[in-house]
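# Close look at the chain arrangement
The chain contents come next:
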Amino acid sequence: MLANYLIGLREGLEASLVVCILVAYLVKTDNRSKLPPIWLGVGIAVGLSLAVGAVLQFGSSQLTFEAQEALGGALSIVAVGLVTWMVFWMRRTARHLKAELQGKLNEALAIGTGALVATAFLAVGREGLETALFIWSAVQSTGDGAQPVLGAALGLFSAVVLGWLFYRGALRINLGKFFTWTGALLVVVAAGVLAYGIHDLQEADLLPGLDDRLFDISATIPPDSWYGTLLKGIFNFQPNPSVLQATAWALYLAPVLFWFLRPQPAKEAPAPA
């Protein structure tokens, strides 16, 4: 549940900040009449994200066991790729996000209402689709549909509240540090989702080595114990992983976390004219 709260908070806050920037810029430039197309684009993006989540959840239940495992494994790996790209993209472009969005909004204002709807839809829809796919993968990996969804919903609600407080000027935090540390935690969560995706593909007989266990500490950390459930919910921990699962987990986590947390190179100052 905590991992899914983090996913909802992180992705939701990105979307909330995008909406805040768009709305604040329109208000500041005396374009309040252009706010309805922005909210329409946001609403369409949210509706599409919910629809994708529903299709994944209810559509996959009609498949055979092997097909469900193959689909779950493949989409888990896709979700890991999307989240990995997202955390690196946000770290690289966070400083220039406001200027970039305002530039796109100026172009949309010059084109017309449809462009405003599209701008808001594309800005928010990407976050929504990533959230829907990653949460669905987390639900499949934990086997408990209620707690992951509840955790993600609470995270999204918190993100909306924080976004509103940012807009009103009532809250100020160091967003650079926030996105760095939440991004690092998401990389750890993504490593667990990747390992579980490998497990799904092994159960679908698409990858070998399902019974080739690296270790088995089920007696020490029972999967149905409170601490076993907690570890699985946060990190997708498995007490008896296969060699291939553990290898994929380590080969993903070590280099990605190192590369993500490495100090950013200082930009050179422009030469004087």
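A quick note: this is a predicted structure, and the numbers were derived from the prediction, not measured. Each residue is numbered by its place in its chain's sequence as written, counting from 1. Reporting in this predicted model follows two pLDDT cut-offs: at least 70 for local features of residues, and 80 or more for side-chain atom pairs to be given and counted; totals over whole chains, interfaces and linings ignore these cut-offs and use all residues. Heavy atoms from the whole structure form the basis of all side-chain values; hydrogens and water molecules are not counted.

### Considering the overall build of the protein
The secondary structure listing takes helices from DSSP runs of H or I that are at least 4 residues long and strands from runs of E that are at least 2 residues long, numbered from the N terminus. When you go through the protein residue by residue, the secondary structure sums to nine helices and zero strands. Listed by position from the N terminus, the elements making up the protein come as α-α-α-α-α-α-α-α-α. Only protein chains enter the area calculation, which uses a 1.4 Å probe; residues under 20% of their type maximum are buried, those over 50% are exposed, and those in between are partly exposed. In the protein, buried positions account for 44% of the 273 residues.

### Comments concerning the confidence of the model for the protein
Looking at the protein, the pLDDT average stands at 79 and 85% of residues meet or exceed 70. One number per residue, pLDDT, summarises how confident the predictor is, and it ranges from 0 to 100. Model confidence for the protein, summarised as mean pLDDT per element, is weakest for helix 8 (residues 226-235) at 70 and strongest for helix 9 (residues 243-261) at 92. What makes two residues a contact is simply this: any of their non-hydrogen atoms within 4.5 Å. Taken as a whole, residues 268-273 scores under 50 in pLDDT and shows zero contacts with residues more than four places along the chain or in a different chain.

### Comments concerning the packing of helix 3 (residues 65-93) against helix 9
Fitting a line to C-alpha atoms yields each axis, with helices limited to the stretch in contact; the angle taken between N-to-C directions then spans 0 to 180 degrees. Where helix 3 meets helix 9, the axes come as close as 11 Å, and the angle between the chain directions of the two elements is 15°. The orientation of helix 3 relative to helix 9 falls into the category roughly parallel. Regarding helix 3 and helix 9, the two cross each other, and that crossing is left-handed. Taken together, the residues of helix 9 that come into contact with helix 3 (itself represented by Val80, Thr84, Val87, Phe88 and Arg91) are Tyr252, Val256, Trp259, Phe260 and Leu261. Split into classes, the residues belonging to the contact of helix 3 with helix 9 amount to eight nonpolar, one polar and one charged. By definition in this entry, angles of less than 35 degrees are roughly parallel, angles greater than 145 are roughly antiparallel, angles of 65 to 115 are roughly perpendicular, and the rest are oblique. What makes a crossing left-handed is the near helix being turned counterclockwise from the far one by less than a right angle; a clockwise turn instead makes it right-handed. Three classes are used, and their members are as follows: Ala, Val, Leu, Ile, Met, Phe, Trp, Tyr, Cys and Pro are nonpolar, Asp, Glu, Lys and Arg are charged, and the others, Gly among them, are polar.

### Points about the side chain of Gln202
Tracing the backbone shows Gln202 in helix 7 (residues 175-203). Counted as a polar contact is a pair of N or O atoms within 3.5 Å, where, for protein atoms, one must be capable of donating a hydrogen and the other of accepting one, and residues adjacent in sequence contribute only when both atoms are in side chains. At a separation of 3.4 Å, a polar atom in the side chain of Gln202 contacts the main-chain carbonyl oxygen of Gly209.

### Focus: the nonpolar core
Within this scheme, the nonpolar core is defined by two criteria: the residues are buried Ala, Val, Leu, Ile, Met, Phe, Trp, Tyr or Cys, and they are joined through side-chain atoms within 4.5 Å. Formed by 28 residues in total, the largest nonpolar core has its most connected members in Val87, Phe134, Leu186 and Tyr252. Of all the secondary-structure elements, those providing two or more residues to this core are helix 1 (2-28), helix 3, helix 5 (113-142), helix 7 and helix 9. Considering every element that reaches this core, the biggest residue donor is helix 7, with nine residues. Ignoring anything within four residues of it in the chain, the contact list for Val87 reads Arg10, Gly183, Leu186, Val187 and Phe260.

### Remarks on the environment of His199
Within the fold, His199 resides in helix 7. Look at His199 and you get buried, because its relative accessible area is 9%. When the C-alpha positions of His199 and Gln245 are compared, they lie 6.5 Å apart, and in sequence the two are 46 residues distant. In contact with His199, not counting residues within four places along its chain, are Leu210, Gln238 and Gln245.

### Notes on unusual backbone geometry
Even without a glycine there, the phi angle at Asp30 is positive, about 60°. The residue Asp30 is located in the loop between helix 1 and helix 2 (35-60) in this model. Asp30 gets classed as exposed once you look at its relative accessible area, which sits at 71%. Notably, Asp205 is not glycine yet its phi reads approximately 65°, a positive angle. With respect to the helices and strands, Asp205 occurs in the loop between helix 7 and helix 8. On the basis of relative accessible area, Asp205 is assigned to the exposed category, the value being 67%.

### Brief notes about the environment of Val18
Position of Val18 relative to the elements: it lies in helix 1. Given the relative accessible area of 5%, Val18 is considered buried. With 83 residues separating them in the primary sequence, Val18 and Leu101 have C-alpha atoms 7.7 Å apart.

### Description of the packing of aromatic side chains
Only centres within 6.5 Å qualify two rings of Phe, Tyr or Trp (six-membered ring in Trp) as a pair; their planes then separate them into stacked at under 30 degrees, edge-to-face at over 60, and tilted for everything else. Inspection of every chain in the model, using the stated rule, returns one aromatic pair. For the ring pair Phe88 and Phe260, a centre distance of 5.5 Å and an interplane angle of 85° mean the geometry is edge-to-face. Taken together, the residues span a long stretch of sequence, with Phe88 in helix 3 and Phe260 in helix 9 at a distance of 172 residues. In this structure Phe260 comes out as buried when scored by relative accessible area, which is 0%. Lysine and arginine charges are scored as sitting over a ring when NZ or CZ, respectively, is within 6 Å of the ring centre and within 35 degrees of the ring normal. Lying over the aromatic face of Trp259, Arg262 brings its terminal NZ or CZ to 4.1 Å of the ring centre.

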